[in-house]
Amino acid sequence: MTAAYQTNVARGFGNYQSFWNSYQQVTLSDVVATPPSTVVATIHYVSKDGTHTDERTTFGLVKDGTSWKIDTSHVG
């Protein structure tokens with residue numbers, strides 16, 4: 001994640017941890033990359049109470065040296 005994404009979307013490490021700690025399982029499917037910098041995937045969440053949720057999410061990526069980082073995301 002870019003620094004801007006960490007601050008503006010994840011809202012810091014504590015909120016990031018809290019969000020992911022509410023799930024017992026997360027899987028990806030139907031991952032499609034569109035060069036140069038977009039990836040779309042279906043994310044299947046299973047919360048700790050057993051609730052299932054699917055979201056089709058588009059990620060905008062930026063290159064940082066030899067790594068790619070998430071800079072934007074949009075559900076839908």
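All chains use their own residue numbering, which begins from 1 and follows the written sequence. This being a predicted model, a pLDDT of at least 70 is required before a residue's local features are given, and a value of 80 or more before pairs of side-chain atoms are given or counted; all residues contribute to the totals for chains, interfaces and linings. Note: side-chain values were computed over all heavy atoms of the structure, leaving out hydrogens and water.

## Some points on the overall build of the protein chain
The way it works is that DSSP assigns letters per residue, a run of H or I at least four long becomes a helix, a run of E at least two long becomes a strand, and they are numbered from the N terminus. Across its full length, the protein chain holds two helices and four strands. Each helix and strand of the protein chain, placed in order from N terminus to C terminus, yields the pattern α-α-β-β-β-β. Buried residues in the protein chain amount to 18% of all 76 residues. Contacts are assigned to residue pairs with any non-hydrogen atoms lying within 4.5 Å of each other. Long-range contacts, defined as pairs at least 24 residues apart, comprise 23% of the intrachain contacts of the protein chain with a sequence gap of at least 6. When the accessible surface of the protein chain is totalled, it reaches about 5300 Å², and 54% of it is carbon and sulfur. Charge assignment: positive for Lys and Arg, negative for Asp and Glu; neither His nor the chain ends contribute. Throughout, a charge is located at the NZ atom of Lys, the CZ atom of Arg, the CG atom of Asp or the CD atom of Glu. Computing the positive centroid from 5 side-chain charges and the negative centroid from 6, the protein chain places the two 7 Å apart. For every residue, the accessible area obtained with a 1.4 Å probe (protein chains only) is divided by the maximum for its type, and the residue is called buried under 20%, exposed over 50%, and partly exposed between those limits. Every accessible area reported is derived by Shrake-Rupley at a probe size of 1.4 Å, with residue values counting cover from the shown protein chains alone.

## Focus: the sheet that holds strand E3 (residues 52-64)
Any two strands are treated as partners once DSSP identifies two or more bridges connecting them. Strand order in the open sheet formed by four strands is E1-E2-E3-E4, and the pairing between neighbours is antiparallel. Two strands bound the open sheet, and with one partner strand each, they are strand E1 (23-34) and strand E4 (67-75). Geometrically, the sheet is characterised by an average inter-axis angle of 35 degrees between neighbouring strands, direction not taken into account. For strand E2 (residues 38-47) and E3, the ladder comprises nine bridges, and the chain directions are antiparallel. The partner of Val40 across the bridge, within E3, is Thr58. Every axis corresponds to a line fitted to the C-alpha atoms, with the helix fit spanning only the stretch in contact, and the corresponding angles, defined between N-to-C directions, vary from 0 to 180 degrees.

## Side note on unusual backbone geometry
With omega at 10 degrees, the peptide bond leading from Pro35 into Pro36 counts as cis. Checked against the element boundaries, Pro36 lands in the loop between E1 and E2. Although it is not a glycine, Arg11 adopts a positive phi angle of roughly 55 degrees. With respect to the helices, strands and loops of the structure, Arg11 is situated in the loop between helix H1 (3-8) and helix H2 (13-21). For Asp30, which is not a glycine, the phi torsion comes out positive at approximately 50 degrees.

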